[in-house]
Amino acid sequence: MGRHPRRDLLAGLTVAIVALPLALGFGISSGMGAAAGLATAVVAGAIAAVFGGSGLQVSGPTGAMTVVLVPIMHAHGASGVLMVGVLAGLLLIGLALARAGRYMALVPAPVVEGFTIGIACVIALQQVPAALGVATPDGDKVLVVAWEAARDFLERPGWQAPSITLAVAAVMLAGARRWPTVPFSLLAVAAATLVAHVADIPVARIGDLPASLPVPSLGFLDLGALTSLLAPAVAVAALAALESLLSAAVADGMSVNHRHDPDRELFGQGLANLVTPLFGGVPATGAIARTAVNVRAGASSRLAALAHAGVLTVIVYTAAGLVARIPLAALAGVLLATSIRMVEAGSVKAMLRSTRGDAAVLVLTAAATLALDLVQAVILGLVTAGALTLRAIARNVRLDEMPIRPDLHGDHAEEEHALLAEHIVAYRLDGPLFFAAAHRFLLELAEVTSVSVVILRMSRVTTIDATGALVLGDAITRLQSRGITVLVSGIQDDHHKPLHALGVIASLDEAGHVFPSTPEAIAAARDLLHRTGVLPAPAR
């Protein structure tokens, strides 16, 4: 933190200017109020900066978390949201101690992209009541709430709130395209507040804010509600882990030599979520947009994120009266522009064009995010992506008939080679022999007829699970029941354990029908055919 303090302090100031309207907006959107958003940005931003695993990450309230908190607020009230934050913090610390951070990198890109698109749509729909200047209808389904708000607006239309929202959003989108380093969100909100005050435009405003951070309190704790709040806490913890680690990965990609520690990042986010509710704040995560601004502004250490929290603290204690005058429609414009900027059109087009499977996962995850809750959407996307991947892997498993080459078992007469080819068939298994592909393998092998010996070459089997081993054993039993001798060659060392544990090759091993290499198996098959009289005895 002492290498480039001036650059880090300037980056922290820039991030704070960008974060102020976002913290206010996300606090209001969650139902907890603007003060809760500010408290989250200050407390979680400072704690995660010190204890997190990324030196460039900026944490605070985010749009994705707001989407999860709205139904919790609707069902359990403010105390339920605070309690969920504490439980989620404990779960995140548990994930960190279990070293689960590395597994978050396994989430497929189409799931992440679809998840982001769905969140952007939900955030935009959440702004409809404030943007139209009507009271927010009851309910936790954003589509229903937005529809009800639109009907209320059509009954009593007014131009003031929509004009402010569209103006702020337009300034942010147009300005960021040309001058990306300028904090147009704060400039647009300040201008809208000034115009609304001077022209005395009748629009809803944030209202009174406390002139200081609240005193830490445990009054919201309700041990009797633990059972009903555990499932929402799991959803909040899963989202916090996913979004924070994605944001930290984005910061790594934008920097040169910086790499985050995923397990430490989970610990820092868990500690932040454990403490923030004591100050009346909502659950927090790493914020991708603010983290990107931090890196672009020249941040090189944790000092920048700490400075961001410090600047917001100063605003809480010195400018609460000014912040209270901000029109809600202006914050709706900020969040509307933010939701539009969350979606990378080029990345979405590329994934839609890559494969039909990727396109299906992206669209399904986005639609589920909009229609269901976020955790269900991610789980559905992961299950779909996993099923498509398993299908693709299963299609690559091959069972190829290989020719019996004369040079593998000595120089014999052409007549004997022809007889060998009539009585011995060798199959090479390529790829993983697992549950998704095993039954197709059994059907192909069961069709083998009119031969005396089948040689299974297993040197190219990459992995084998219990299902694959059992199906292999079933295929061997079926062949033997038709009088066909089965020889196995080239079993890898790590594949012996499942095959022996399930008794698949025990009888073959006892009979001496398991060989290290294919030439040895072919030689044994030839000797067997000579002994049984299928082939004439070799000349002395």
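Below is a short write-up of the structure. (Residues numbered from 1 in each chain as written. Predicted model: local features only at pLDDT ≥ 70, side-chain atom pairs only at ≥ 80, totals over all residues. Heavy atoms only, no water.)

**Brief notes about the overall build of the protein chain**
Helices and strands together make up the secondary structure of the protein chain, namely 23 helices and eight strands. Whereas a compact globule of 540 residues would reach a radius of gyration of roughly 24 Å, the protein chain reaches 32 Å, over 25% beyond that. The burial tally for the protein chain puts 50% of its 540 residues in the buried class. For the protein chain, restricting intrachain contacts to residue pairs at least 6 apart in sequence, the fraction spanning at least 24 positions comes to 83%. Just so you have it, the protein chain exposes about 24,900 Å², and 62% of that area is on carbon and sulfur atoms. Here the protein chain holds 35 positive side-chain charges and 37 negative ones, and the gap between their average locations is 10 Å. (Helix = DSSP H or I, 4+ residues; strand = E, 2+ residues; numbered from the N terminus. Rg over C-alpha atoms; globule rule 2.2 N^0.38 Å. Buried < 20%, exposed > 50% of the residue type's maximum accessible area, 1.4 Å probe, protein only. Contact = heavy atoms within 4.5 Å. Areas by Shrake-Rupley, 256 points an atom, 1.4 Å probe, with all protein chains shown as cover. Lys, Arg positive; Asp, Glu negative; His and termini not counted. Charge placed at Lys NZ, Arg CZ, Asp CG, Glu CD.)

**Overview of unusual backbone geometry**
Phi angles above zero are rare outside glycine, and Arg99 is one such case at about 55 degrees. A relative accessible area of 48% means that Arg99 is categorised as partly exposed.

**Looking at helix H4 (residues 109–126)**
One turn of the α-helix equals 3.6 residues, which is why residues spaced by three or four share an orientation. In this model, H4 (18 residues) spans 26 Å end to end at C-alpha, consistent with the 26 Å of a helix rising 1.5 Å per residue. Among the 18 residues that make up H4, 14 are buried, leaving the element largely enclosed by the rest of the structure. (Expected span 1.5 Å × (residues − 1).)

**Quick notes on the nonpolar core**
Counting residues in each nonpolar core, the largest one holds 87 residues, and the members touching the most others are Leu24, Val168, Ile206, Val236, Leu312, Ile326 and Leu374. If we ignore the near neighbours within four places in the chain, the residues touching Leu24 are Ala34, Leu38, Ile206, Val323, Ile326 and Leu331. (Core = buried A, V, L, I, M, F, W, Y, C linked by side-chain atoms within 4.5 Å.)

**Describing the pairing of strand S4 (residues 424–433)**
For a regular strand, side chains alternate in direction, first toward one face of the sheet and then toward the other. Counting buried positions along S4 yields 10 of 10 residues, so the element is predominantly enclosed. The sheet contact formed by strand S3 (residues 398–402) and S4 spans five bridges and is antiparallel. Looking across to S4, one finds that Arg398 is bridged to Asp430. Summarising the sheet, S4 and strand S5 (residues 453–457) pair through five bridges and their orientation is parallel. Across the sheet, Tyr427 pairs through a bridge with Leu456, a residue of S5. (Pairing = 2+ DSSP bridges.)

**Quick notes on the packing of H4 against helix H6 (residues 142–155)**
In contact at an axis separation of 9 Å, H4 and H6 are set at 30 degrees when each is read in the N-to-C sense. It follows from the interaxial angle that H4 and H6 lie roughly parallel. As for the relative orientation of H4 and H6, their crossing is left-handed in sense. When H4 is examined against H6, the residues Val122, Leu125 and Gln126 are found in contact with a partner set consisting of Val142, Leu143 and Ala146. Of the residues contributing to the contact of H4 with H6, the split by class is five nonpolar, one polar and no charged. (Axes fitted to C-alpha atoms, helices over the stretch in contact; angles between N-to-C directions. Parallel < 35°, antiparallel > 145°, perpendicular 65-115°, else oblique. Left-handed = near helix turned anticlockwise from the far one by under 90°. Nonpolar A, V, L, I, M, F, W, Y, C, P; charged D, E, K, R; others polar.)

**A closer look at a nonpolar patch on the surface**
Where nonpolar side chains cluster on the molecular surface, the patch consists of Val50, Phe51 and Phe267 and spans about 230 Å² of accessible area. Take Val50: it is sitting in helix H2 (residues 34–51). Given a relative accessible area of 36%, Val50 falls into the partly exposed group. (Patch = residues over 30% accessible without salt bridge, like charges linked within 9 Å, V, L, I, M, F, W, Y side chains within 5 Å. Salt bridge = Lys/Arg side-chain N within 4 Å of Asp/Glu carboxyl O.)

**Focus on helix H7 (residues 160–178)**
Helix length check: H7 (19 residues) gives 28 Å between terminal C-alpha atoms against 27 Å at 1.5 Å per residue, within 8%. The inward-facing, buried residues of H7 contact helix H5 (128–132), H6, helix H8 (184–198) and helix H14 (328–342).

**Structural notes on the pattern of salt bridges**
Going through the model one piece at a time under the given rule, you end up with five salt bridges. Glu148 is the salt-bridge partner of Arg151, the closest N and O atoms lying 3.0 Å from each other. Taken together, the residues Arg151 and Glu148, both in helix H6 and three residues apart, mark about one turn of the helix. A residue is classified by how much of its surface remains accessible, and Arg151, at 42% relative accessible area, is partly exposed. Taking the shortest distance from any N to any O, the salt bridge between Arg478 and Asp474 comes out at 3.6 Å. Residue Arg478 and its partner Asp474 are located together in helix H20 (residues 466–481), separated by four residues, close to a single helical turn.

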